[in-house]
Amino acid sequence: MARGGRPGARGEGGLGVNRWRRGLVALVAVMAIALITGCTLPRPPGASPLRYRDAIYSTVDVTSNIQYGTAPDAQNNPVALRLDLYKPPATDTQTMRPALVWVHGGGFSSGDKTNVVSVDVANTFAKKGYVVVSINYRLLGPGCTANPSMPSCTIAALEAQHDAQAAIRWLRANAATYGIDPTRIGIGGDSAGAITATLVGLHSEDVGSSGNPGPASTVRGFVSVSGGLPGGVFASAGDAPGLFFHGTADNVVPSSWSDATTGAMLGAGVPAWLQHQEGAGHVPWAQYRTLYLEQADYFLYLTLDLAHAAGQPISAARASERQLQRLATSPRVKRLLKQHPKLRGAEKRARALAR
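A short tour of the structure in this document, coming up.

Reading the values: rules and limits
Residues numbered from 1 in each chain as written. Predicted model: local features only at pLDDT ≥ 70, side-chain atom pairs only at ≥ 80, totals over all residues. Heavy atoms only, no water. Helix = DSSP H or I, 4+ residues; strand = E, 2+ residues; numbered from the N terminus. Expected span 1.5 Å × (residues − 1). Buried < 20%, exposed > 50% of the residue type's maximum accessible area, 1.4 Å probe, protein only. Arc of directions from axis to C-beta. Pairing = 2+ DSSP bridges. Axes fitted to C-alpha atoms, helices over the stretch in contact; angles between N-to-C directions. Contact = heavy atoms within 4.5 Å. Disulfide = S-S within 2.5 Å.

**A short note on helix α6 (residues 255–267)**
In an α-helix, one turn spans 3.6 residues, which is why side chains three or four residues apart end up on the same side.
Then comes step 1: Over its 13 residues, α6 runs 19 Å from end to end, which matches the ideal 18 Å to within 8%, given 1.5 Å per residue.
Then comes step 2: Of all the positions in α6, only S255, W257, S258, T261, T262, M265 and L266 are classed as buried. Axial view of α6: buried residues confined to an arc of 160°, hence all on one face.
Then comes step 3: G269 sits one or two residues past α6 and shows a positive phi near 80°.

In structure tokens, the structure reads:
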């Protein structure tokens, strides 16, 4: 499935690696259900409040303008790349927390890490126990808001991808400092940031040179709000799973980009979800905020395997395994896997790991 490292044998809710692998087997199947039937993701089971699913803190600590890399602008002048880091308050004792990178929108020509959506996401997930970074990146695409298909926008998007990957590597390089589990990192974004997050998930082999060489640039899942890629380009076996939201009346980034990307991922045997907002336009955050945050929460809980993360109660891990196993063994899943042989192959590979 997603690349970026396998959790250790212990420290995941007190369960060993064999149980984690059995959970992975079921996870592949439940992803297939969600994608093919268009269902929303199920709420992870466990008593409330459950870390990483529910808000467990009312405040967060924020550190602004940390430099995570350097890269040239259009005139070849160096640009300092900076991020704002949100984490639980100092009373939180966990030292192996999942991390989320969020990428702002703005047509690759405007926007900032303090945009309303970025700050909302960062605060929401930090209160659940995540370490979240909202990043600035090079804005190299004037005119992309009006025409995101322009060749210059492709270049701007790929350079934004490289900057976001540098932020992912920065998180891994500084995992001990900020209490991050380097095997549990996801990314998301809105508009241009959603395109960037999709590129990070599907085009990870192109690492760029924006900083922090050495650590992996991969993620275990990505969230795209009004993004996707034209024609589903770059989707291939082994990419990270993705969650796509798109308004059907989007006149900035066509909803067909998310449709095509989801289809290409499925065709390659990569799990993905697509949720349309009928009649909605571009990044309808105010209207669909609750849906976006809830479903992104459930998606990341599954794809980052947070039921087995450090500090989780054994009861939550076992409840998650039971939920996934029920879905994995249902007749509907068996029929769906038969209809989509690439996903069936992914499920078989996961079962081989569990032996």
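**Considerations on the sheet that holds strand β5 (residues 180–190)**
Then comes step 1: Ordered by their spatial adjacency, eight strands build an open sheet running β1-β2-β4-β3-β5-β6-β7-β8, and the pairing between neighbours is mixed. Every other strand in the sheet has two partners, leaving β1 (61–72) and β8 (272–277) as the edge strands with one partner each. Pairs of neighbouring strands in the sheet enclose a mean axial angle of 20°, with direction left out of account.
Then comes step 2: Here strand β6 (residues 222–225) pairs with strand β7 (residues 242–247) via four bridges, running parallel. Its bridge partner being in β7, V223 is matched across the sheet by L243.
Then comes step 3: This element, helix α5 (residues 192–202), spans β3 (97–103), β5, β6 and β7 of the sheet and lies at about 140° to β5.

**Examining the environment of A160**
Then comes step 1: Note that A160 resides in helix α3 (residues 151–173).
Then comes step 2: What A160 contacts, discounting residues up to four positions off in sequence, is F108, Y137 and T196.

**Description of the state of the cysteines**
Then comes step 1: The tally for this structure, following the rule as stated, stands at one disulfide.
Then comes step 2: Here C144 engages in a disulfide with C153; their sulfurs sit 2.0 Å apart. Negative torsions about the S-S bond denote left-handed disulfides, and the value of about -110° found for C144 with C153 makes this one left-handed.
Then comes step 3: On the basis of relative accessible area, C144 is assigned to the buried category, the value being 2%.

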